[in-house]
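# A closer look at the structure
Here is how the chains run, residue by residue.
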Amino acid sequence: MTPLERALRERIQAEGPISVEAFMEACNAYYYATRDPFGADGDFTTAPEVSQMFGEMIGAALADAWKRAGAPSDAIYAELGPGRGTLAADALRVLRSAGFAGDVHFVETSPVLRQAQGNSVPGARWHDTVEDLPARPLLLVANEFLDALPVRQIVAGIERRVMVAAGGFAFDRDGEIVENSPARDQAISAIATCLAHAGGMALIIDYGHERTAPGETLQAVRGHRFASVLEQAGEQDLTAHVDFEAVARAAREAGAAVTPVFAQGEWLIRLGIEARAQALSRANPERVQEVGSALKRLTSADGMGAHFKVVALHSREWPAPAGFA
Ligand code: SAH
């Protein structure tokens, strides 16, 4: 039995069954607080860990919008759930060379990952929630952050719960499932409120669907394989697909402008990732193969190119970001 499983069994025995939302929240809080899960030896690999090109294209998109908005000197780089800080380091290299000198603010709860982020980006500041970010023009990025926030599952109008069963946990009901996520709506609403008041833009990148639809998407990944959601509590990554229609709705309601949703591959190609790959390969002939396969993994439909989607939220005073027209 995992340490978290023991704690959750005690909690359920004391309180009664807990919602899927509470279960997912407890599992992910424990999981991220106790490890660096990324890379070949870990549980999963994210786009910034595939190649520096990913963060560089994001840095270029942010730098372009910042310049066209008049290069406000009080703007900050902000990132939600920055993992190892790899994306931030790659994006900031491009932003700094474009003249951006603003502060770096991270929203991160894991002490282990805060440490890694501090090594990648010296001088960063940390916050526990999106609401704690300062009210300044934002150059904000969230890659695979929303998918880790807890979802509710509703079956026939009733919230699905997790109970203790023989040898483990079980769901209290089955049937057609509808998911929603107050935690995501709240995070998006906080970002959009800040954009509406202080200016800036936000890039939200995650796997998910463009339209709200019924269906179960909650999944567990461990050692690069799908696993059972209710097993190994706290020792595997729990995620659910992001409903980009819900993201857009929450952002608009809080006063931000929202771009159309693009597939990650198409968006990266529009931003010029192919030219960046060519330049990297020319400068590093020994890396031609590595750069080529990273480009393919980030952009092709059988890699991360189609499953992952991108949307930008921006202040109405800022121009629409590049790549979405
Ligand atoms: N963006 C990174 C990491 C994605 S994994 C990358 O692309 O590599 C999810 C990240 O979100 C981790 O850094 C995790 O610790 C953080 N995280 C998860 N839930 C969180 C929460 N509720 N509040 C703040 N950070 C959270």
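It should be emphasised that the depicted structure is a prediction, and the values quoted were computed from it without experimental measurement.

### Some thoughts on the site of the ligand
Contacts to the ligand come from 15 residues, most closely from Thr46, Gly81, Gly83, Glu108 and Asn143. Here an oxygen atom of the ligand and a side-chain polar atom of Thr46 are 2.6 Å apart. For the ligand, whose accessible area on its own is 580 Å², the fraction buried by protein is 91%. Residues that form the shell around the ligand fall into these classes: 7 nonpolar, 6 polar and 2 charged.

### Examining the pairing of strand β8 (residues 161-165)
Relative to β8, strand β1 (residues 18-19) is paired through 2 bridges, and the arrangement is antiparallel. Within β8, the residue paired with Ser19 across the bridge is Arg161. Of the pairings in the sheet, the one linking β8 to strand β9 (residues 168-171) comprises 4 bridges and is antiparallel in character. Across the sheet, residue Val164 finds its bridge partner in β9, namely Phe169. Here β8 folds back onto β9 in antiparallel fashion, the turn holding 2 residues, of which Gly167 has a positive phi close to 75 degrees.

### A few points about the sheet that holds strand β14 (residues 237-239)
The 3 strands are arranged β13-β12-β14 in an open sheet whose pairing can be described as antiparallel. Unpaired on one side and paired on the other, β13 (225-227) and β14 mark the two borders of the sheet. Along the sheet, successive strands turn relative to each other by an average axial angle of 40 degrees, direction set aside. Strand direction decides the pairing type here: strand β12 (residues 219-222) and β14, joined by 3 bridges, are antiparallel. Bridge pairing links Val221 to Asp237 in β14.

### Re the sheet that holds strand β10 (residues 177-180)
Pairing within the open sheet is antiparallel, and its 3 strands lie in the order β7-β6-β10. The outermost strands of the open sheet, each flanked by one partner alone, are β7 (158-159) and β10. Alignment of strand β6 (residues 152-155) against β7, held across 2 bridges, turns out to be antiparallel. Looking across to β7, one finds that Val155 is bridged to Ile158.

### Side note on the environment of Ala322
One can find Ala322 in the segment after β18 (308-314). Linking Ala322 and Ala65, residues 257 residues apart in sequence, is a C-alpha distance of 7.3 Å. With residues up to four places along the chain from it excluded, the contact list for Ala322 reads Asp64, Arg68, Trp267 and Leu271.

### Points about unusual backbone geometry
Across the chain, the bulk of peptide bonds are trans and the bulk of non-glycine residues have phi less than zero. Positive phi is not limited to glycine here, since Glu144 has a value of about 50 degrees. Structurally, Glu144 can be placed in the loop between β5 (138-143) and β6. A positive phi angle, near 65 degrees, is found at His224, a position not held by glycine. Residue position: His224 is located in the loop between β12 and β13. A residue is classified by how much of its surface remains accessible, and His224, at 40% relative accessible area, is partly exposed.

### Here we look at helix α8 (residues 244-253)
Of all the residues in α8, the buried ones are Phe244, Ala246, Val247, Ala248, Ala250 and Ala251. Where α8 is buried, its residues contact α7 (182-198), β11 (200-209), β15 (242-243), β16 (257-258) and β18. For α8, the N-terminal cap is Asp243; the gap from its side-chain oxygen to the backbone nitrogen of Glu245 is 3.0 Å.

### Points about the nonpolar core
By size, the foremost hydrophobic cluster in this structure holds 47 residues, and its most contacted members are Ile58, Leu62, Tyr77, Leu203 and Trp267. Per-element accounting of this core gives the leading share, 9 residues, to helix α4 (residues 52-68). With residues up to four places along the chain from it excluded, the contact list for Leu62 reads Tyr77, Leu95, Leu139, Leu140, Val141, Met201 and Leu203. Within the second largest apolar cluster, 33 residues are counted, among which are Ala202, Val242, Ala251 and Val261.

### Focus: the pairing of β12
Remark: a regular strand shows side chains that alternate across the two faces of the sheet. Strand direction decides the pairing type here: β12 and β13, joined by 3 bridges, are antiparallel. For Ala220, the partnering residue across the bridge sits in β13 and is Ala227. Adjacent in sequence and paired antiparallel, β12 and β13 are bridged by 2 residues, among which Gly223 carries a positive phi angle near 55 degrees.

Conventions adopted
- Counting from 1, residues in each chain are numbered in the order their sequence is written.
- Given that the model is predicted, a residue must reach a pLDDT of at least 70 before its local features are reported, and side-chain atom pairs must reach 80 or more before they are shown or counted; all residues, however, enter totals for whole chains, interfaces and linings.
- Excluded from the side-chain calculations are hydrogens and water; all other atoms, namely the structure's heavy atoms, are used.
- Put simply, a residue is near a molecule or strand once any heavy atom of it comes within 4 Å of that molecule or strand.
- Contacts described as polar in this section are N or O atom pairs within 3.5 Å, which, within protein, must combine one atom able to donate a hydrogen with one able to accept it, while residues neighboring in sequence count only if both atoms come from side chains.
- We get accessible surface area from the Shrake-Rupley algorithm with a probe of 1.4 Å; when it comes to residues, only the shown protein chains can shield them.
- Basically, the charged four are Asp, Glu, Lys and Arg, the nonpolar ten are Ala, Val, Leu, Ile, Met, Phe, Trp, Tyr, Cys and Pro, and anything else, Gly included, counts as polar.
- Note: two strands are recorded as paired if DSSP finds a minimum of 2 bridges between them.
- Only DSSP runs of H or I with at least four residues qualify as helices, and only runs of E with at least two residues qualify as strands; both kinds are numbered from the N terminus onward.
- Where helices are involved, their axes are fitted lines through C-alpha atoms of the stretch in contact, as for all axes, and angles between N-to-C directions lie from 0 to 180°.
- Should any heavy atoms of two residues lie within 4.5 Å, those residues are considered in contact.
- Summary of the burial criterion: residues with accessible area below 20% of their type's maximum are buried, those above 50% are exposed, and those between are partly exposed, where the area comes from a 1.4 Å probe applied to protein chains only.
- Among buried residues, those of type Ala, Val, Leu, Ile, Met, Phe, Trp, Tyr and Cys that are joined through side-chain atoms within 4.5 Å constitute a nonpolar core.

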